[in-house]
Amino acid sequence: MHCVSGKHSVMMVSFGQGALLLSLAAAMAVYADMKVDCGPDFVTLMWTESRPQADTSLLRLGNCFPTSFSAGEAYFYVDLTDCNFRRLVTGDALVYSNDLTYVASADSYNLAFTHPVVCAYDRPKDWYATIYDPVFKTYSLGDLQFNIGLMNDDFSGPAESTRFPLGSIIPIMASVVQETHQPLLLLLEECVAATTPELYPESTIYPIISNKGCLLESVSSRSKFEPRQKSSEIRLSLQTFTFAMGEEVFIHCKLLAWDPNGLDSTKKACHFVEGHGWELLDNLAQSNLCDCCESKCKSRRQRSVASEKHGMVHKAVIGPCTITDLNS
């Protein structure tokens, strides 16, 4: 059943086998309309925006980015196990809740806002919590779990081979699981290629990402960050290079889970786009944070113990993989 939550309204609509959608939109301003469907294990949400200056790409459902967006609309199609949906089991009800937020840029005329989205279902008699095995290499740090790995061409599953012809793309995906933590943005602060699983002072390395999140490889190749699906996940399409061709190669990365509202010139994901220059992955309007990629990126903020609480850093290694010569 499709449910429309109109302007200044509260909708409570039954769905399917006892599911209930509560879209609390009493505070919704007259400039927008939200339509939500609660599926058996997924949610769709359509946000229609009438303000000409509003950037719908800045809408977030939990930590998920829009599945698609245009000048006046943003559409989300997400699983209930994604996007930091909160699950509450109470009596005979199984309730999933989340927030639709608008992340306004500093120079925007449009104010940030938050709207709750809640889906409630009859609790199945045989219901139990599902446990998922991680697909990637997993590293735990406090209450955070970092995952990183080589993926197939469309990032839908793990890579089928660790051999990549010269000039091809190596898809890499990293994520952070944050069940009891504030929403975090995952960044790749640094990545280098080496021929050893450990880095030593005498190791020969090939820089891929450096200068606090600048994808150096994007300047002279097709390497780029892919559009985000979730703030807690980052995807990198890395074009293969001639370094250590034919040998085993390990990619060493420094993963940074950070406050989404705390981006600066040292907390960012930047890649070079031909004809446009350096662009910020998460908000084109703030691409000036990438200006330092041609020099030295330094934070203007005073570093303090309190600032460290905004995120965590972890080192991870992918590999071995092998870059092969097309003629071999």
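An unreviewed UniProt entry lists the protein under the name ZP domain-containing protein, with Champsocephalus esox given as the organism.

With reference to specific residues and values, describe the overall build of the protein.
Per the secondary structure count, the protein includes 1 helix and 24 strands. Out of the 328 residues in the protein, the part that is buried amounts to 48%. On the protein, roughly 17000 Å² of surface is accessible, and the fraction owed to carbon and sulfur atoms is 53%.

Describe the packing of aromatic side chains, and please don't skip the residues or the numbers.
Inspection of the entire model under this criterion finds 7 aromatic pairs. With a centroid separation of 5.1 Å and an interplanar angle of 20°, the aromatic rings of Phe42 and Tyr77 are classed as stacked. Separated by 35 residues along the polypeptide, Phe42 in strand 5 (residues 42-49) and Tyr77 in strand 8 (residues 73-79) bring together distant segments of the chain. Classification of Phe42 by relative accessible area gives partly exposed; the value is 21%. In textbook terms, an aromatic cluster arises when at least three aromatic residues are bridged by ring pairs, as seen for Trp47, Tyr102 and Phe113. The ring of Trp258 has Lys267 sitting right over it, with the charged end atom 4.6 Å from the ring centre.

Residues and numbers for the pattern of salt bridges, please.
Summed over the entire model, instances satisfying the criterion amount to 6 salt bridges. For the salt bridge of Lys254 with Glu189, the shortest nitrogen-to-oxygen distance reads 3.7 Å. Pair noted here: Lys254 is in strand 21 (residues 248-258) and Glu189 is in strand 16 (residues 185-194), with a separation of 65 residues, a long-range link. Given a relative accessible area of 10%, Glu189 falls into the buried group. Between Arg228 and Asp282 there is a salt bridge, and its shortest N-O distance comes to 2.4 Å. Here Arg228 is found in the loop between strand 19 (224-225) and strand 20 (233-239), whereas its partner Asp282 is found in the loop between strand 23 (277-280) and helix 1 (305-308), with 54 residues between them in sequence. Across the pair, exposure class does not vary: Arg228 and Asp282 are buried alike. Each of Glu189, Lys212 and Lys254 takes part in one network of salt bridges that share partners.

Please provide a residue-by-residue account of unusual backbone geometry, values included.
Here the bond from Gly319 into Pro320 is cis, since omega is 10°, no more than 30 degrees from zero. By secondary structure assignment, the location of Pro320 is in strand 24 (residues 312-324). Its identity is not glycine, yet Cys83 carries a phi of approximately 65°, on the positive side. In this structure, Cys83 sits in the loop between strand 8 and strand 9 (86-90). On the accessibility criterion, Cys83 (2% relative accessible area) is buried.

Here is what the cut-offs are and how they apply
- Residues numbered from 1 in each chain as written.
- Predicted model: local features only at pLDDT ≥ 70, side-chain atom pairs only at ≥ 80, totals over all residues.
- Heavy atoms only, no water.
- Helix = DSSP H or I, 4+ residues; strand = E, 2+ residues; numbered from the N terminus.
- Buried < 20%, exposed > 50% of the residue type's maximum accessible area, 1.4 Å probe, protein only.
- Areas by Shrake-Rupley, 256 points an atom, 1.4 Å probe, with all protein chains shown as cover.
- Phe/Tyr/Trp six-rings, centres within 6.5 Å; stacked < 30°, edge-to-face > 60°.
- Lys NZ or Arg CZ within 6 Å of the ring centre and 35° of its normal.
- Salt bridge = Lys/Arg side-chain N within 4 Å of Asp/Glu carboxyl O.

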